[in-house]
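As a plain string of letters, each chain reads:
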Amino acid sequence: MAVYLSIASVLSFLILVLFVNLVPSRERTIQNSTERRKLGFFSCGSGNPIDDCWRCQGNWMRNRRRLADCAIGFGHNAIGGRDGRYYVVSDPSDHDPVNPRPGTLRHAVIQDHPVWIVFKRDMVITLKQELIMNGFKTIDGRGANVHIAYGACITIQFVTNIIIHGLHIHDCKPTGNAMVRSSPSHYGWRTMADGDGISIFGGSHIWIDHNSLSSCSDGLIDVIMGSTAITISNNYFTHHNEVMLLGHSDSYARDRIMQVTIAYNHFGEGLIQRMPRCRHGYFHVVNNDYTSWEMYAIGGSANPTINSQGNRFHAPSNPFAKEVTKRVVNSRNRGWKQWNWRSEGDLMMNGAYFVPSGGTAANYARASSLAAKSSSIVAIITSEAGALPCRNGFHC
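These figures come from a predicted structure and were not determined experimentally. (Residues numbered from 1 in each chain as written. Predicted model: local features only at pLDDT ≥ 70, side-chain atom pairs only at ≥ 80, totals over all residues. Heavy atoms only, no water.)

Participant: How do you make sense of the pairing of strand β8 (residues 160–165) when you look at a structure like this?
Facilitator: Regular strands show a simple pattern: their side chains alternate between the two faces of the sheet. Across the six residues that make up β8, a large majority, five, are buried. Bridge analysis of β8 against strand β13 (residues 204–209) gives five bridges, and the strand direction is parallel. Along β13, the bridge assignment pairs His 165 with Asp 209. (Buried < 20%, exposed > 50% of the residue type's maximum accessible area, 1.4 Å probe, protein only. Helix = DSSP H or I, 4+ residues; strand = E, 2+ residues; numbered from the N terminus. Pairing = 2+ DSSP bridges.)

This is the structure we're talking about:
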């Protein structure tokens, strides 16, 4: 097996080098967001430690819980529903958020015990109200083409140990002012929700991996109100304005405990800002591929620590939007030059530049969650970011 992985890695590198040297730079920029999605032969020995942990196993469907052992970063202890039974979602409806029908996704996520949730077939689930998850749950979309779209989306509130993997989440809408069940024994009144794709509110030990997210009313992923121990990895983000918010407000000091890993994601076409936007806490942004933004890529306020390592930043053609970073300052936080923001080993393309600030390397201990790989192989390790077209009996 060691020889096989070595040969695969060498072949992957040689093909990438040949592609880079043969395609003119302007054409390469245009092709990047489409050609990268076809690099399926990098499934094994890719250098992506999450994928290499489970994707080379042809029997992945018979050993789905293997995925729970493959998390990295600050959310690496998220086990989801690993220790529970399987629940097969067979009904895409969501007629009654207070009394969900057995076989629906809502009925699965509110259970009091650990559950590993899978899907019987391809489906589009349009939620009437927020999908409020109970703790120790895995939503595993592998083996089916599952969309959560055109209605409410996912809320993770004051619970722990959640894994969300392999979903298409898009066109999420504001909902609320309604009763919604959160467990078999409790339901309550929900005020208006913003229309986030995934909202994490006071949650911990959470892993969001290999999802495709786009076009929601508010954020694609929001992490707020003292949430921590979170990894957001291998996702494919497209066509959205405010992509990711990490931290509730400048005045909410409890977010100082927040630790979030952003790794191996592809920030693709049609994105404007917040990839992510950070407040107060500690953020490791590592080995992501930024192929598009219109305003900025990484921003923040309220003295967050941002450790950017081994990313690839391709700036837009707009000469006034080349800067990767943006500090949001006001009369209460003008001392941004003391904030700990660093760029280490990042690849800057098409005039992109990162404005660092703050102190020495020792200040980044709480914003370091895994070893960064070389930015030269980011295209390979992020080539299949997003929901994977997994099918039974084949390598995923």
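Past the structure itself, the notes keep going.
Participant: I'm lost on unusual backbone geometry in this one. Help?
Facilitator: In terms of backbone geometry, most residues other than glycine have negative phi values and most peptide bonds are trans. That bond from Met 275 to Pro 276 is cis: its omega, 5 degrees, falls within 30 degrees of zero. For Phe 158, which is not a glycine, the phi torsion comes out positive at approximately 55 degrees. Of note, Phe 158 is situated in the loop between β7 (154–157) and β8. Residue Phe 158 is classed as exposed on the basis of its relative accessible area, which comes to 53%. Positive phi, close to 55 degrees, is recorded for Asn 350, a residue that is not glycine. With respect to the element layout, Asn 350 can be found in the loop between β31 (347–349) and α5 (378–381). On the basis of relative accessibility, which here comes to 40%, the residue Asn 350 falls in the partly exposed class.

Participant: What exactly am I supposed to notice about the pattern of salt bridges here?
Facilitator: In a structure, side chains of opposite charge can pair up when their charged atoms sit close to one another. Applying the stated criterion across every chain yields a total of 14 salt bridges. Across the salt bridge formed by Arg 55 and Asp 51, the nearest N and O atoms sit 3.1 Å from each other. Of the two residues, Arg 55 and Asp 51, both sit in the buried class. Across the pair Arg 274 and Glu 242 runs a salt bridge, and its minimum N-O distance is 3.7 Å. With a gap of 32 residues between them, Arg 274 in the loop between β22 (271–273) and β23 (277–279) and Glu 242 in strand β18 (residues 240–242) connect regions that are remote in the sequence. What emerges from the salt-bridge pattern is a single network uniting Asp 51, Arg 55 and Glu 384. (Salt bridge = Lys/Arg side-chain N within 4 Å of Asp/Glu carboxyl O.)

Participant: Sorry, what's going on with the layout of surface pockets here?
Facilitator: Each pocket or cavity is described by its volume, and for the second largest pocket that value is around 400 Å³. At the level of elements, β7, β11 (186–190), β12 (198–201) and β15 (221–224) are the ones that each hand at least two residues to the lining of the second largest pocket. Looking at the lining of the second largest pocket, the element that brings in the most residues is β7, giving three residues. Tallied by class, the residues present in the lining of the second largest pocket amount to nine nonpolar, seven polar and six charged. (1 Å grid on protein atoms, 1.4 Å probe; cavity = no way out; pocket = protein on both sides within 12 Å on 5 of 7 lines; lining within 4 Å. Points joined across faces, edges and corners; volume = space filled by probe spheres on them. Nonpolar A, V, L, I, M, F, W, Y, C, P; charged D, E, K, R; others polar.)

Participant: Just checking my understanding: could you explain the pairing of strand β2 (residues 115–119) for this structure?
Facilitator: With five of its five residues buried, β2 lies for the most part within the structure. What you see with β2 is no split at all: Val 115, Ile 117 and Phe 119 on one side and Trp 116 and Val 118 on the other are buried throughout. Across five bridges, strand β1 (residues 85–89) lies against β2 in parallel orientation. Residue pairing across strands places Tyr 86 opposite Trp 116, the latter belonging to β2.

Just geometry here; none of it tells us what the structure is for.
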